[in-house]
Amino acid sequence: MNHIGTESLETKRLILRRYQLSDAEDAFLNWTNSENVTKFLTWTPHATIEETKEYIAECCVKNYEKKDFYLWVIVDKETDVCIGSIGINDIREDTACCEIGYCLSDIYWGKGIMTEAFNEVIRFLFMTVGFNRIQSTHDVNNPASGRVMEKCGLQYEGTLRQYNRNNQGLYDTVVRAILKEDYDRCSD
């Protein structure tokens, strides 16, 4: 694989770029403090903007020097506001596999924003970095997240019963994935 780290990406409506400390206010106001957004996530809503600042400093900015670290803040081109996040949670070098996680301000749900961002990340990870498999998971009770994955070409592979824990407790985890050969076939 050709790890190059988090590079800026662009779509019709979005800029995907590295977090900056100045993004804390947008992140806090739009998703990190939202119980609605974090309902099916494994981390609890941030109680203060300082918590979001600390997350950005320690978990994002500090790691951008690593060539195998991929985490983007999603910026709405029209408003220049940070509205969500997408990145890799896990990399398996031996199989060229990674897992994608994402969250988006609920104001932007149902507008194809995450599908647009996810498709661009898939393109980058397959075509530039050289991954062979990209997977993502969601709580069985969060079918909207599954629809994003389906629209991006990820195929259903199975449901792991009571496999994970999120803010709702133990949950059945749906696994979806796309292989490079699937991507190539759909891109022809």
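For the structure itself, consult the block above.
Draft legend 1. Structural context of the packing of helix H4 (residues 113-129) against helix H5 (residues 143-151). Where H4 contacts H5, the two axes come as close as 9 Å, and the packing angle between them is 45 degrees. Taken as axis vectors, H4 and H5 run oblique relative to one another. Judged by the sense of rotation from one axis to the other, the crossing of H4 with H5 is right-handed. Residues Met 114, Thr 115, Phe 118 and Asn 119 of H4 touch H5, and the partners they reach there are Val 148, Met 149 and Lys 151.

Draft legend 2. Region of the structure containing the side chain of Asn 30. Locating Asn 30 in the fold gives a position in helix H1 (residues 24-32). You can call Asn 30 buried: its relative accessible area is 13%. Looking at Asn 30, its side chain comes within polar contact range of the main-chain oxygen of Cys 82, at 3.0 Å. Not counting residues within four places of it along the chain, the set of residues in contact with Asn 30 comprises Val 37, Val 81, Cys 82, Ser 105, Asp 106 and Ile 107.

Draft legend 3. Representation of the pairing of strand S7 (residues 155-166) in the model. Of the pairings in the sheet, the one linking S7 to strand S8 (residues 169-179) comprises eight bridges and is antiparallel in character. Bridge pairing links Thr 159 to Val 174 in S8. Between S7 and the antiparallel strand that follows it, S8, lie two residues.

Draft legend 4. The arrangement of the environment of Gly 110 in detail. Considering the arrangement of structural elements, one finds Gly 110 in the loop between strand S5 (97-104) and H4. Take Gly 110: its relative accessible area is 87%, and that puts it in the exposed class. Put simply, Gly 110 and Asp 68 are 42 residues apart on the chain and 31 Å apart in space, counted from C-alpha to C-alpha.

Draft legend 5. Inspection of the packing of aromatic side chains at higher detail. Enumeration over the complete set of coordinates arrives at seven aromatic pairs. Ring geometry for Tyr 70 against Phe 124: centres 6.2 Å apart, planes inclined by 65 degrees, an arrangement best described as edge-to-face. Of this pair, Tyr 70 sits in the loop between helix H3 (49-60) and strand S3 (71-76) while Phe 124 sits in helix H4; the two residues are 54 residues apart in sequence, bridging distant segments of the chain. For the pair shown, Tyr 70 and Phe 124 are each scored as buried. Each ring, one from Trp 72 and one from Phe 124, has its centre 5.8 Å from the other, and the planes form 90 degrees; the classification is edge-to-face.

Draft legend 6. Spatial organisation of the packing of H1 against H3. Where H1 meets H3, the axes come as close as 9 Å, and the angle between the chain directions of the two elements is 115 degrees. Of the possible angle classes, the one that applies to H1 and H3 is roughly perpendicular. Seen along the crossing, H1 lies across H3 with a hand that is right-handed. Here Ala 24, Glu 25, Ala 27, Phe 28 and Thr 32 of H1 come into contact with H3, specifically with Ile 49, Thr 52, Lys 53 and Ile 56.

Draft legend 7. Summary view of the state of the cysteines. Here the structure, examined in full by the defined rule, presents zero disulfides. Take Cys 60: it sits in no disulfide, and the sulfur closest to it among the cysteines is that of Cys 59, at 6.2 Å. Here Cys 82 is not disulfide-linked; the sulfur of Cys 60 is the nearest cysteine sulfur, at 11 Å.

Draft legend 8. A look at the nonpolar core. One finds Leu 16, Ile 86, Ile 100, Phe 118 and Leu 125 to be the most contacted residues of the largest nonpolar core, which totals 32 residues. The set of elements that each furnish at least two residues to this core consists of strand S2 (14-17), S3, strand S4 (81-92), S5, H4 and H5. The dominant element in this core, judged by the number of residues it contributes, is H4, at 10 residues. Every residue in contact with Ile 100, bar those within four places of it in the chain, is listed here: Ile 86, Gly 87, Ile 88, Asn 89, Phe 118, Val 121, Leu 125, Ile 134, Gln 135 and Ser 136. If you look at the next biggest cluster of nonpolar residues, it comprises 15 residues, including Val 37, Tyr 64, Val 73 and Cys 82.

Definitions and cut-offs
- Residues numbered from 1 in each chain as written.
- Predicted model: local features only at pLDDT ≥ 70, side-chain atom pairs only at ≥ 80, totals over all residues.
- Heavy atoms only, no water.
- Axes fitted to C-alpha atoms, helices over the stretch in contact; angles between N-to-C directions.
- Helix = DSSP H or I, 4+ residues; strand = E, 2+ residues; numbered from the N terminus.
- Parallel < 35°, antiparallel > 145°, perpendicular 65-115°, else oblique.
- Left-handed = near helix turned anticlockwise from the far one by under 90°.
- Contact = heavy atoms within 4.5 Å.
- Buried < 20%, exposed > 50% of the residue type's maximum accessible area, 1.4 Å probe, protein only.
- Polar contact = N/O pair within 3.5 Å; in protein donor to acceptor, adjacent residues only side chain to side chain.
- Pairing = 2+ DSSP bridges.
- Phe/Tyr/Trp six-rings, centres within 6.5 Å; stacked < 30°, edge-to-face > 60°.
- Disulfide = S-S within 2.5 Å.
- Core = buried A, V, L, I, M, F, W, Y, C linked by side-chain atoms within 4.5 Å.

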